[in-house]
Amino acid sequence: MAFGGNPVFRGKTFKGAVATAQPPVPHAQDQSPYVKGQNPYGANPYGQGTYGQTPYGQTPYGQGFQQPMSADQLDALYRSPAASPAETGRMTYDDVIVKTLACLGFVVVGAAVTLAVPAGAAMGLTLLGAIGGFVLAMVNTFKREPVAGLILAYAGLEGLFLGGLTRLIDALAPGVGLQAVLGTLVVAGVTLGLYKSGKVRATPGLAKFLMIALVSYLAFSLVNVVIMFANPSMGAWGLRSSVHLFGIPLGVIVGLFAVVLAAISLIFDFNSVEQGVRAGAPRGYAWTAAFGLTVTLVWLYTEILRLLAIFNSND
């Protein structure tokens, strides 16, 4: 699991972003005409005239009235298209796509920096990206309103981390970095296609399975990290590379399972975007959707990269 990644986060539901205010209910004391000096039936107090007031909403004398619209004007108004979601400040699919591409662009730039600098500087930038990315992931996850700068900063820091990780693993197994990028694109594309076709949906049952599976995977990862520190002789991947089931490294089996979990997480990200657009969420929440997609794609890439590294180390 990538440092800075948050696979539990699958995007906001945007329910809190859509106004659902109800009209105020009049209080009983406001309905009585005999309270606070009010007269019954709306009559004026004794001795007070109505000079200067306009009865029954009539236009005051000498001020004229608005000219009625012509038949051509009414017809043009009737035939004019309705305002689009973008014109009304609502989130659209285009907004989410553009902002997600912007986040992925920052990830690529950050990775390119770590890949280009000398090895000593690359290690420092990788550590900075791991810690900074994790901190900003938590900040953006629990922040009520999305902040574009923080989300883009998270993407850039994750790029630093992924670039350093890719550089380290690619030195041991040349070519796995490019393979991981292609694998991430394929899994994400297939998941999106299945979701758009309606063959897979974000159901409550699938959500329960994902939550249980994520907790189990997190527990396994923590146990594996403890074993790696306690017994370094087990190798770079701990239980993932030292334990075999039917001749297959445990890391390959667990890695495939993690890739499936990331794909399911993408399904819930797509569902959150669809719900947000349909509910008319404010346009700024497209950054929240982009953040959720970026987190999941970073996690997916990390799992595929680790899976390929373990597979190549056992050739």
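Up top is the structure.
Quick look at the structure, then.

Rules of the game
- Residues numbered from 1 in each chain as written.
- Predicted model: local features only at pLDDT ≥ 70, side-chain atom pairs only at ≥ 80, totals over all residues.
- Heavy atoms only, no water.
- Axes fitted to C-alpha atoms, helices over the stretch in contact; angles between N-to-C directions.
- Helix = DSSP H or I, 4+ residues; strand = E, 2+ residues; numbered from the N terminus.
- Parallel < 35°, antiparallel > 145°, perpendicular 65-115°, else oblique.
- Contact = heavy atoms within 4.5 Å.
- Nonpolar A, V, L, I, M, F, W, Y, C, P; charged D, E, K, R; others polar.
- Left-handed = near helix turned anticlockwise from the far one by under 90°.
- Phe/Tyr/Trp six-rings, centres within 6.5 Å; stacked < 30°, edge-to-face > 60°.
- Buried < 20%, exposed > 50% of the residue type's maximum accessible area, 1.4 Å probe, protein only.
- Expected span 1.5 Å × (residues − 1).
- Core = buried A, V, L, I, M, F, W, Y, C linked by side-chain atoms within 4.5 Å.
- Salt bridge = Lys/Arg side-chain N within 4 Å of Asp/Glu carboxyl O.

## A word on the packing of helix α5 (residues 148–172) against helix α10 (residues 286–313)
Two elements in contact, α5 and α10, have axes separated by 11 Å at closest approach and are oriented at 5°. The pairing of α5 with α10 is recorded here as roughly parallel in orientation. Two secondary-structure elements touch here, α5 through A148, I151, L152, Y154, E158, L162, L165, T166 and I169 and α10 through W287, T288, F291, T294, V295, V298, Y301, T302, L305 and A309. Across the contact of α5 with α10, the residue classes break down as 14 nonpolar, 4 polar and 1 charged.

## With respect to the packing of helix α7 (residues 204–230) against helix α9 (residues 250–279)
To describe two helices that pack against each other, one gives the angle between their axes and the distance between the axes. Contact geometry of α7 with α9 gives a least axis separation of 10 Å together with a crossing angle of 140°. The pairing of α7 with α9 is recorded here as oblique in orientation. Relative to α9, α7 is oriented so that their crossing is left-handed. Contact residues: L206, A207, F209, L210, A213, L214, Y217 and F220 in α7; L250, V254, F257, A258, L261, I264, S265 and F268 in α9.

## Here's the deal with the packing of aromatic side chains
Scanning all chains against the criterion turns up 2 aromatic pairs. Summarising the aromatic geometry, the rings of Y154 and F291 are spaced 5.2 Å apart at their centres and angled 75° between planes, so their arrangement reads as edge-to-face. With a gap of 137 residues between them, Y154 in helix α5 and F291 in helix α10 connect regions that are remote in the sequence. Taken together, a centroid distance of 5.9 Å and an interplanar angle of 50° make the contact between Y195 and F270 tilted. Placement of Y195 in helix α6 (residues 176–197) and of F270 in helix α9 is noted, with a sequence separation of 75 residues between them. The exposure class of Y195 is buried, given its relative accessible area of 4%.

## Observations concerning α9
Taking 1.5 Å of rise per residue, the 30 residues of α9 would be expected to cover 44 Å, and the 44 Å separating its terminal C-alpha atoms lies within 8% of that figure. Counted residue by residue, α9 has 22 buried out of 30 residues, so it is predominantly covered.

## Brief notes about the nonpolar core
Within the largest apolar cluster, 61 residues are counted, with the highest numbers of intra-cluster contacts made by V96, C103, L261, L266, L300, I304 and L305. Of all the secondary structure elements, the ones that give two or more residues to this core are α3 (93–116), α4 (119–142), α5, α6, α7, α9 and α10. If near-sequence neighbours (up to four positions away) are discounted, L266 is found in contact with A188, T191, L293, T296, L297 and L300.

## A word on the pattern of salt bridges
Per the stated rule, a full pass over the model turns up 4 salt bridges. Taking the shortest distance from any N to any O, the salt bridge between R278 and E274 comes out at 2.8 Å. One end of the pair, R278, and the other, E274, are both in helix α9, 4 residues apart, so they sit about a helical turn from each other. A relative accessible area of 68% means that R278 is categorised as exposed. Under the relative-accessibility criterion, E274 is labelled buried at 14%. Across the pair R306 and E303 runs a salt bridge whose closest N-O atoms are separated by 3.0 Å. Separated by 3 residues within a single helix, R306 and E303 lie in helix α10, roughly one turn from each other.

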